[in-house]
Amino acid sequence: MRLLIAEDERELAKALKTIFEKHNYGVDVVYDGQEALDYALSGEYDGAVLDVMMPKIDGFEVVRRLRRRGVSTPVLLLTARSEIPDRVEGLDAGADDYLPKPFAMAELLARVRALVRRRERLVPEVVSFGGLSLDLATYTLFCGENSVRLGNREFQMMEMLMENPRRIVSTTQFMERIWGWDAEVDVSIVWVYISNLRKKIARLGADVEIRATRGVGYALEATV
């Protein structure tokens with residue numbers, strides 16, 4: 001799952017990123033409404049957590065513009081403005097939920113889990129290809145009676161491959177969705193994680209492998 005966090009209080013933004021990453025979310029963080037709009041228009045996110053009072057464009061207007069452009073990404077608004085008219089304005093703008101500041105992290109996590117169920121209703125809890133299956137709730141990859149729990153980024157990469165079997169996923173797509181557009185890591189990190197996934201798939205004895213197309217990307221293919 002990939003989230004967009006838009007929060008101009010940088011210490012809070014840093015804390016939110018840390019918390020969500022510890023709970024196996026991929027996270028991009030931006031600090032003003034214009035950046036939030038630009039990022040969210042990509043449609044690459046499973047959910048967005050937006051502060052209302054942001055520079056350049058406020059959270060209400062970001063949501064309005066997203067909905068006018070047909071972007072249906074679920075949105076949770078965070079704000080110190082907790083009066084009922086403000087909540088109504090946010091929901092009428094197209095937000096899915098509204099959480100006043102200050103808030104408990106446990107509640108925020110619970111609300112985000114509820115938020116992304118909109119996507120989960122369209123995606124089964126387990127995706128399968130050949131004899132290989134991935135449990136999206138437990139981050140477990142299994143084949144028959146053999147199983148292995150994946151790390152955060154391993155899981156996100158495997159999810160992309162399992163949801164698009166036989167279709168090539170480019171290195172750029174992996175980098176943008178999992179590490180984020182502004183990540184200061186070398187693209188070779190993708191090969192490292194692919195190598196780890198290949199070893200785990202082989203240990204499971206699955207009739208599936210990750211094949212590389214030089215200069216293009218990777219695809220999940222059946223071996224039989």
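The rules behind the values
Residues numbered from 1 in each chain as written. Predicted model: local features only at pLDDT ≥ 70, side-chain atom pairs only at ≥ 80, totals over all residues. Heavy atoms only, no water. Pairing = 2+ DSSP bridges. Helix = DSSP H or I, 4+ residues; strand = E, 2+ residues; numbered from the N terminus. UniProt positions renumbered as here; feature names shortened; annotations may be inferred. Buried < 20%, exposed > 50% of the residue type's maximum accessible area, 1.4 Å probe, protein only. Contact = heavy atoms within 4.5 Å. Expected span 1.5 Å × (residues − 1). Salt bridge = Lys/Arg side-chain N within 4 Å of Asp/Glu carboxyl O.

J.: For this particular structure, what's the right way to read the sheet that holds strand E12 (residues 217–222)?
T.: Sheet strands associate in pairs through backbone hydrogen bonding, adopting either a parallel or an antiparallel arrangement. The sheet built from three strands is open, its strands ordered E10-E12-E11 with antiparallel pairing. Whereas interior strands pair on both sides, the edge strands pair on one side only; in this sheet they are strand E10 (169–170) and strand E11 (208–213). For E11 and E12, the ladder comprises six bridges, and the chain directions are antiparallel. Its bridge partner being in E12, Val208 is matched across the sheet by Ala222.

J.: Which parts of the structure should I look at to understand the UniProt feature "modified residue: 4-aspartylphosphate" (unreviewed entry) in the chain?
T.: Here, UniProt's "modified residue: 4-aspartylphosphate" (unreviewed entry) annotation points to Asp51. Here Asp51 is to be found in strand E3 (residues 47–51). Using a relative accessible area of 3% as the deciding quantity, one classes Asp51 as buried. If we ignore the near neighbours within four places in the chain, the residues touching Asp51 are Ala6, Glu7, Asp8, Gly59, Leu78, Thr79 and Lys101.

J.: Would you take a moment to explain helix H7 (residues 152–163) for this structure?
T.: A turn of α-helix holds 3.6 residues, and therefore any two residues three or four places apart point the same way. Here H7 contains 12 residues, and its C-alpha end-to-end distance of 17 Å stays within 8% of the 16 Å for a straight helix at 1.5 Å per residue. Listed in full, the buried residues belonging to H7 are Asn152, Glu154, Phe155, Gln156, Met157, Met158, Glu159, Met160, Leu161 and Met162.

J.: When you look at the pattern of salt bridges in this model, what are you seeing that I'm missing?
T.: A side chain with one charge may pair with a side chain of the opposite charge, provided their charged atoms come close. As enumerated under the stated definition, the model contains 16 salt bridges in all. Residue Arg67 is joined to Asp96 by a salt bridge in which the shortest nitrogen-to-oxygen separation is 3.1 Å. In this pair, Arg67 is assigned in helix H3 (residues 59–68) and Asp96 in the loop between helix H4 (84–93) and strand E5 (97–100), connecting sequence segments 29 residues apart. The partly exposed category is assigned to Asp96, whose relative accessible area is 31%. Linked through salt bridges whose partners overlap, the residues forming this network are Glu61, Arg64, Arg65, Arg68 and Glu89.

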